[in-house]
Amino acid sequence: MSGSGAPTVRVDAGGRGLRVAVVAAQWHAQVMDGLVGGALRGLADAGLPDPPVLRVPGAFELPVAASRLADAGFDAVVALGVVIRGGTPHFDYVCQAATSGLVEVSVRTGVPVGFGVLTCDDEGQALDRAGLPGSAEDKGHEAATAAVATAVALLDAGVAGRAATV
């Protein structure tokens, strides 16, 4: 399983006061509902119960939305999507564009971007990572927790982003 060896990251309300937004694709509604639900649970666990959620058409659109949110002063962004392999190279192009774009946003702005984009061979793999009842993993929760933990670490180091006020 891909989650093997993952660190235990807990923020336990340590994110209170941060401005965090979620940007989520709309393709594969059942998987996305699970990812968004997991992210919202993770943010609530961190003391952030009502973050804005921006929906975009697909994973390809995540970087531009994340960029605008980071530029708008959010302390962290959680990006969620799913790309399922098909019979054409489309999978490779979309995965590469989403990944590179989200990395570029984070590095350019200094705002942590939690990466919750599933890149799966089939729908079963996506469902198993979506945080739904019966799923083996909750990648939405993991992405939210990683984004908040990174924002908190930057705050603790005294190098927080523009919007941090805690």
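What comes next concerns the included structure. (Residues numbered from 1 in each chain as written. Predicted model: local features only at pLDDT ≥ 70, side-chain atom pairs only at ≥ 80, totals over all residues. Heavy atoms only, no water.)

### Some details on the pattern of salt bridges
No. 1: Applying the stated criterion to the full structure yields eight salt bridges.
No. 2: In this structure, the salt-bridge partner of Arg-41 is Asp-138, at a minimum N-O distance of 2.8 Å. Residue Arg-41 is found in helix 1 (residues 29-45), and its partner Asp-138 is found in the loop between helix 4 (123-129) and helix 5 (139-156); the two are separated by 97 residues along the sequence.
No. 3: On the basis of relative accessible area, Arg-41 is assigned to the partly exposed category, the value being 39%.
No. 4: One network of salt bridges, with partners in common, ties together Arg-129, Glu-137, Lys-139 and Glu-142. (Salt bridge = Lys/Arg side-chain N within 4 Å of Asp/Glu carboxyl O. Helix = DSSP H or I, 4+ residues; strand = E, 2+ residues; numbered from the N terminus. Buried < 20%, exposed > 50% of the residue type's maximum accessible area, 1.4 Å probe, protein only.)

### Overview of unusual backbone geometry
Glycine aside, negative phi is the norm for most residues, and most peptide bonds take the trans geometry.
No. 1: One non-glycine residue, His-28, lies in positive phi territory at about 60°.
No. 2: Within the secondary structure, His-28 sits in the loop between strand 1 (20-25) and helix 1.
No. 3: His-28 sits in the partly exposed class, given a relative accessible area of 29%.

### Quick notes on helix 2 (residues 62-71)
No. 1: Among the ten residues that make up helix 2, seven are buried, leaving the element largely enclosed by the rest of the structure.
No. 2: Among the residues of helix 2, those classed as buried are Leu-62, Pro-63, Ala-65, Ala-66, Ser-67, Leu-69 and Ala-70.
No. 3: Each element contacted by the buried residues of helix 2 is listed here: strand 1, strand 2 (53-56), strand 3 (76-84), helix 3 (90-109) and strand 4 (113-120).
No. 4: At the C-terminal side of helix 2, Gly-73 shows a positive phi close to 105°. (Contact = heavy atoms within 4.5 Å.)

### Structural notes on the sheet that holds strand 1
No. 1: Sheet architecture is open: four strands sit in the order 2-1-3-4, paired in parallel fashion. Looking at strand neighbours, the two that pair on one side only are strand 2 and strand 4, the edges of this open sheet. Adjacent strand axes in the sheet meet at a mean angle of 15°, parallel and antiparallel pairs treated alike.
No. 2: The pairing of strand 1 with strand 3 spans five bridges and is classified as parallel. Directly across from Val-23, in strand 3, lies its bridge partner Ala-79.
No. 3: Packing of helix 1 onto the sheet brings it into contact with strand 1, strand 2, strand 3 and strand 4, and relative to strand 3 it is tilted by some 160°.
No. 4: The strands touched by helix 5 are strand 1, strand 3 and strand 4; relative to strand 3, the strand with the most contacts, the crossing angle is about 150°. (Pairing = 2+ DSSP bridges. Axes fitted to C-alpha atoms, helices over the stretch in contact; angles between N-to-C directions.)

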